Amino acid sequence: MSMVDESEETRGGTATITRTETQQSVEAGDHERFAHYVRKEKIMESALTGEPVIALCGKVWTPGRDPKKFPVCPECKEVYESMMGD
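Residues numbered from 1 in each chain as written. Predicted model: local features only at pLDDT ≥ 70, side-chain atom pairs only at ≥ 80, totals over all residues. Heavy atoms only, no water.

(A) Structural context of the overall build of the chain. Looking only at helices and strands, the chain features 3 helices and 2 strands. Within the chain, the fraction of its 86 residues that count as buried is 12%. As displayed, the chain offers around 8000 Å² of accessible surface, 51% of which is attributable to carbon and sulfur atoms. (Helix = DSSP H or I, 4+ residues; strand = E, 2+ residues; numbered from the N terminus. Buried < 20%, exposed > 50% of the residue type's maximum accessible area, 1.4 Å probe, protein only. Areas by Shrake-Rupley, 256 points an atom, 1.4 Å probe, with all protein chains shown as cover.)

(B) Representation of the state of the cysteines in the model. Summed over the entire model, instances satisfying the criterion amount to 0 disulfides. Left without a disulfide partner, Cys-76 is nearest to the cysteine sulfur of Cys-57, which lies 3.6 Å away. (Disulfide = S-S within 2.5 Å.)

(C) Here's a closer look at the side chain of Ser-46. With respect to the helices and strands, the residue Ser-46 is situated in helix H2 (residues 40-49). Of note is the side chain of Ser-46, whose polar atom sits 2.6 Å from the backbone oxygen of Glu-51. What Ser-46 contacts, discounting residues up to four positions off in sequence, is Glu-51, Val-53, Thr-62 and Pro-63. (Polar contact = N/O pair within 3.5 Å; in protein donor to acceptor, adjacent residues only side chain to side chain. Contact = heavy atoms within 4.5 Å.)

(D) Spotlight on the pattern of salt bridges. Using the criterion set out here, one finds 1 salt bridge in the structure. Arg-39 is paired through a salt bridge with Glu-41; the nearest N and O atoms lie 2.5 Å apart. Residue class for Glu-41 comes out partly exposed when judged on its relative accessible area of 43%. (Salt bridge = Lys/Arg side-chain N within 4 Å of Asp/Glu carboxyl O.)

(E) A look at the side chain of His-36. Looking at the secondary structure, you find His-36 in the loop between helix H1 (8-11) and H2. For His-36, a relative accessible area of 16% translates into the label buried. Not counting residues within four places of it along the chain, the set of residues in contact with His-36 comprises Ala-55, Cys-57, Lys-59, Trp-61, Cys-73 and Cys-76.

(F) Representation of the packing of aromatic side chains in the model. Evaluation of the coordinates by the stated rule reveals 1 aromatic pair. Note that Lys-59 overlies the ring of Trp-61, its terminal NZ or CZ placed 5.7 Å from the centroid. (Phe/Tyr/Trp six-rings, centres within 6.5 Å; stacked < 30°, edge-to-face > 60°. Lys NZ or Arg CZ within 6 Å of the ring centre and 35° of its normal.)

(G) Spatial organisation of the nonpolar core. In this structure, Val-38, Val-53, Ala-55, Cys-73 and Cys-76 together form the largest nonpolar core, which totals 5 residues. Beyond its immediate stretch of four places on either side in the chain, Val-38 contacts Ile-43, Val-53, Ile-54, Ala-55 and Trp-61. (Core = buried A, V, L, I, M, F, W, Y, C linked by side-chain atoms within 4.5 Å.)

Written out as structure tokens, the structure reads:
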């Protein structure tokens, strides 16, 4: 009877699976936030000067978050649609 010398590779073993997790950065209170309608040139001006903008609904703030992460403000949407005649 002969003995076969098995290496780690041929004996079997375990493999490591690498998993990449993606997390969306959401701050506390973000569930109460909305994406607001503001004239595009005002957003650009605010980005350069740091001055706050005024949304169609009347909210005054300095933009700094990605609006795609938030639902559209219902008041802004209503004002916008009335301006567009929808």
